[in-house]
Amino acid sequence: MIVRLHDVDKVYANGVVALRHLDLDVGEGEFLSLLGPSGCGKSTVLRLVAGLGEVSGGRIEWPGGNGRAGLPRGDIGFVFQEPTLMPWATVFKNVLLPLKLRGVALDEAEARVHEAIGMVGLDGFEHAYPRELSGGMKMRVSIARALVTHPRLLLMDEPFASLDEITRFKLDNDLLALWARQRWTVVFVTHSVYESVYLSTRIALMTARPGRTASEVAIEAPAPRDEAFRTSPVYNDYCRQVSTRLAEATRV
């Protein structure tokens, strides 16, 4: 177990109740997707886990104790919905930023930046600027920036939602390949039943706001996940099961 959310509530200053009595366990090395309707609090869950907000009730437990005692901030990578790159900086300098802020020695930082850029397939684009990149390439830079810290937990907030289907499929495949090699823990937010089934070892389905976990589905399909899996009866059966559970969750 890497992190546990127990009976978590989140109420914003404007009175919006985003989460109510949410329970969620995240196991070491799993690929967990949060699936639910818009506004159900999926992104809020990621932000609370990342320490970008405080719970209003309940608690978040880490292996070393409550609060952030069990997982230092540097062990968490966060990929947001938009790449949020610095437009005046090259790919290399955008990926370097987290290490620079942490005071990592230049020689070590440069080696880790090259490693991260290579992991996301952007070798040769180190000196390119964001304006010179496609949407998919910008998202790859954002993922590299999260991976350069060697995180134990990777939080991804609908990173591919704005991309065309072909690019999205390609990035899904590349993300799975990276996860299979590195085996960090991933919590991935998506609105797509199909994407969640393709990527995940487990899917947590959330109710409409205020969000809580309504049910879970374990995806026990073997690796590798590839285009043959996407068109298989097993994949279609899981998609139907998850769609049914999602419909039930939104009626709660």
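Basis of the calculations
- Residues numbered from 1 in each chain as written.
- Predicted model: local features only at pLDDT ≥ 70, side-chain atom pairs only at ≥ 80, totals over all residues.
- Heavy atoms only, no water.
- Helix = DSSP H or I, 4+ residues; strand = E, 2+ residues; numbered from the N terminus.
- Rg over C-alpha atoms; globule rule 2.2 N^0.38 Å.
- Buried < 20%, exposed > 50% of the residue type's maximum accessible area, 1.4 Å probe, protein only.
- Contact = heavy atoms within 4.5 Å.
- Areas by Shrake-Rupley, 256 points an atom, 1.4 Å probe, with all protein chains shown as cover.
- Lys, Arg positive; Asp, Glu negative; His and termini not counted.
- Charge placed at Lys NZ, Arg CZ, Asp CG, Glu CD.
- Pairing = 2+ DSSP bridges.
- Axes fitted to C-alpha atoms, helices over the stretch in contact; angles between N-to-C directions.
- 1 Å grid on protein atoms, 1.4 Å probe; cavity = no way out; pocket = protein on both sides within 12 Å on 5 of 7 lines; lining within 4 Å.
- Points joined across faces, edges and corners; volume = space filled by probe spheres on them.
- Nonpolar A, V, L, I, M, F, W, Y, C, P; charged D, E, K, R; others polar.

Chemist: Help me understand the overall build of the chain in this model?
Modeler: Across its full length, the chain carries eight helices and 10 strands. Taking 252 residues into account, the globule formula puts the C-alpha radius of gyration at 18 Å, and the chain, at 18 Å, falls close to it. Referenced to the eigenvectors of the C-alpha coordinate spread, the extents of the chain come out at roughly 50 × 45 × 30 Å. Expressed as a percentage of the 252 residues in the chain, the buried residues total 52%. Of the contacts made within the chain by residues no fewer than 6 positions apart, 69% connect residues no fewer than 24 positions apart. Of the accessible surface of the chain, which amounts to about 11,600 Å², a share of 53% is contributed by carbon and sulfur atoms. Between the centroid of the 29 positive side chains of the chain and the centroid of its 30 negative side chains there is a distance of 4 Å.

Chemist: Looking at this structure, how should I read the sheet that holds strand β3 (residues 31-35)?
Modeler: Adjacent strands of a sheet pair through backbone hydrogen bonds, lying either parallel or antiparallel. The sheet built from six strands is open, its strands ordered β6-β7-β8-β3-β9-β10 with mixed pairing. One side of each edge strand has no neighbouring strand; the edge strands of this open sheet are β6 (76-79) and β10 (213-218). Shown here is a sheet whose adjacent strand axes are inclined to one another by a mean of 15 degrees, direction ignored. Pairing analysis gives five bridges linking strand β7 (residues 153-157) to strand β8 (residues 185-190), with the strands arranged parallel. Counted as the bridge partner of M156 is F188 from β8. Its contacts with the sheet put helix α5 (residues 165-182) on β3, β7 and β8, and the angle it makes with β8 is roughly 160 degrees. Across the sheet, helix α8 (residues 233-251) touches β3, β9 (202-206) and β10, and the angle it forms with β10 is around 175 degrees.

Chemist: Looking at this structure, I do not really get empty space enclosed by the protein. What am I missing?
Modeler: Summary: where empty space remains is shown by rolling a probe the size of a single water molecule over the atoms. Overall, the coordinates contain one cavity of 30 Å³ or more when judged by the stated rule. Here the largest cavity is characterised by a volume of approximately 70 Å³. The wall of the largest cavity is formed by M119, V120, R140, I143, F160, L171, D174, L175 and L178. Taken together, the elements giving at least two residues each to the lining of the largest cavity come down to α4 (135-147) and α5. Residue contributions to the lining of the largest cavity peak at four residues, all from α5. Looking at side-chain class alone, the lining of the largest cavity contains seven nonpolar, no polar and two charged residues.

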